[in-house]
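Spelled out, the chains give:
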Amino acid sequence: MEESVKRKTWLIIFFIFSVFLLTGHANAGVIFQDNFNAQNNWTLPQPMNAPNTCWVNCNVPSGWDHYYDGRSFCPGGPGKNNMYIDSVNSRGGSGKGLTFWDESCVDFVEDSDGQIGKFLGADYQEVYVRFYIKFSPTYKWKEGEFSPFHKFIHIWSYGGSGEPYNFFNRNNNEPVFVGNFEKYLNNISTMLAYRCEVNYYCQGTPRYQFDVCCEFGKDDEIMSTWAALHDGQWHSVEYNLKMNTYNAGPNTFNADGVVRFWLDGNLIYSVANVPWKDNGGTPSRGFNSISIGGNNYNRWTTSCSGTSCEQWYAVDDVIVSTTYIGPGGAVSDTTPPNPPSGFFVD
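Residues numbered from 1 in each chain as written. Predicted model: local features only at pLDDT ≥ 70, side-chain atom pairs only at ≥ 80, totals over all residues. Heavy atoms only, no water.

Peer 1: Report on the environment of Asn251, specifying residues and quantitative values.
Peer 2: By the secondary structure assignment, Asn251 is in the loop between strand S13 (246–247) and strand S14 (252–253). Taking C-alpha positions, Asn251 is 7.3 Å from Asn279, a pair spaced 28 residues apart along the chain. Those residues in contact with Asn251 that lie beyond four places of it in its chain are Tyr246 and Asn279. (Helix = DSSP H or I, 4+ residues; strand = E, 2+ residues; numbered from the N terminus. Contact = heavy atoms within 4.5 Å.)

Structural data, given as structure tokens:
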């Protein structure tokens, strides 16, 4: 009898310890997460004349803070709004997801720009952002010799006042990172773009530039990126940014900032020489804001009207963390294990 009680006691202790480990690990380092399942259905009317931007007291889904709702350039207006949260595209076949609709009505970058964003509440020297993305199986890129591209994520340091989406007027919204995909000839590359704190062009070797494409990886990696993404299935994308370090004595910064990108858990790109903060910058500055979505330079058709001028991609299971996340289950998959069977507690 005594041995039986001891056995039960140790099993209970083991179970409680397992729950502690699993739930602690599931939430370790998480700054923000959303799988959209608990959100109300949501959209914003796409404006016709000028973009609609909000960052204070906004009509945004619960937990989010700001948005950029780009104008439509299509004659007669859009067939769809820029963004929807609903059950149309959800990872796992149930729940909800975030769907973006792109237009094909003009030949410049500001076409159909929808972004939803989050202030992270603090400046982080290192962040990881992972989300799942799915493209329409019929998603198209413009044919020809130029390089159409699409932005899908911004990660930056918001200065604390004014419009957070103003990245071009030296208004203290730096540094900023933009994650894109770009089509070049018959390949699709991972296009990663930078703008650093002090200079429009990041200083260092090489000089990283904002919205300048580099072909990251080998040709087979570039080609397989789109082959993998263009299958109508969900794929995990994850970005890791780390600020460069500071030398307090000479008041200088080292060119040792980090950028890494994973597709479905496979490391596609990694560098550790980015000068996010340069001499004259702010040592304490960190990444404190993200947005999902973005504009595109991809007029895949000039013969269309209404919804035939549009195509979609979807996002789900967004996580922002201070540690690597990796592909895995939905954001809400933190259910503790079932208790051990075969005994009861008196």
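Peer 1: Outline the packing of aromatic side chains, supporting the account with residue identities and numerical values.
Peer 2: Aromatic ring pairs: the centre-centre distance and the angle between the two ring planes describe each pair. Evaluated as defined, the whole model comprises 20 aromatic pairs. When the centroid spacing of 5.0 Å and the interplanar angle of 10 degrees are considered together, the rings of Phe100 and Tyr313 count as stacked. Pair noted here: Phe100 is in strand S6 (residues 97–103) and Tyr313 is in strand S18 (residues 310–321), with a separation of 213 residues, a long-range link. Looking at Phe100, the relative accessible area reads 2%, which means it is buried. The buried category is assigned to Tyr313, whose relative accessible area is 1%. Between Tyr239 and Phe261 the ring centres are 5.0 Å apart and the planes differ by 35 degrees, which places this aromatic pair in the tilted class. Of this pair, Tyr239 sits in strand S12 (residues 235–242) while Phe261 sits in strand S15 (residues 257–263), placing them 22 residues apart in sequence. A relative accessible area of 0% means that Phe261 is categorised as buried. Through a chain of ring-to-ring contacts, three or more aromatic side chains come together here, namely Phe100, Phe135, Tyr139, Trp141, Phe152, Phe177, Phe181, Tyr239, Phe261 and Tyr313. Positioned over the ring face of Tyr84 is Lys80, at 6.0 Å from the centre of the ring. (Phe/Tyr/Trp six-rings, centres within 6.5 Å; stacked < 30°, edge-to-face > 60°. Buried < 20%, exposed > 50% of the residue type's maximum accessible area, 1.4 Å probe, protein only. Lys NZ or Arg CZ within 6 Å of the ring centre and 35° of its normal.)

Peer 1: Break down unusual backbone geometry for me, with residues and values.
Peer 2: Comment: phi is negative for the bulk of residues other than glycine, and the bulk of peptide bonds are trans. The residue after Glu174, namely Pro175, is reached through a cis peptide bond having omega 0 degrees. Considering the arrangement of structural elements, one finds Pro175 in the loop between strand S9 (149–156) and strand S10 (176–184). Of note in the backbone geometry, Asn251 takes a positive phi value of approximately 55 degrees without being a glycine. Of note, Asp317 is a non-glycine position whose phi angle comes to about 50 degrees, a positive value. Within the secondary structure, Asp317 sits in strand S18. The class for Asp317 is buried, based on a relative accessible area of 2%.

Peer 1: An account of the environment of Phe131 is needed here, citing residue identities and associated values.
Peer 2: On the secondary structure map, Phe131 appears in strand S8 (residues 126–135). Residues Phe131 and Val237, spaced 106 residues apart in sequence, show a C-alpha to C-alpha distance of 5.7 Å. Contacts of Phe131, omitting those with residues within four sequence positions, involve Phe152, Ile153, His235, Ser236, Val237, Tyr239, Ile292, Val315, Asp316, Asp317 and Val318.

Peer 1: So what about the state of the cysteines? Which residues, and what values?
Peer 2: Within this structure, the stated rule accounts for 2 disulfides. Cys74 shares a disulfide with Cys105; S-S distance 1.8 Å. Across the S-S bond linking Cys74 and Cys105, the dihedral sits near 80 degrees, which makes this disulfide right-handed. Highlighted residues: Cys74 in the loop between strand S4 (66–69) and strand S5 (83–86) and Cys105 in the loop between S6 and strand S7 (111–124), separated in sequence by 31 residues. Like Cys74, the residue Cys105 is buried in the burial classification. (Disulfide = S-S within 2.5 Å.)

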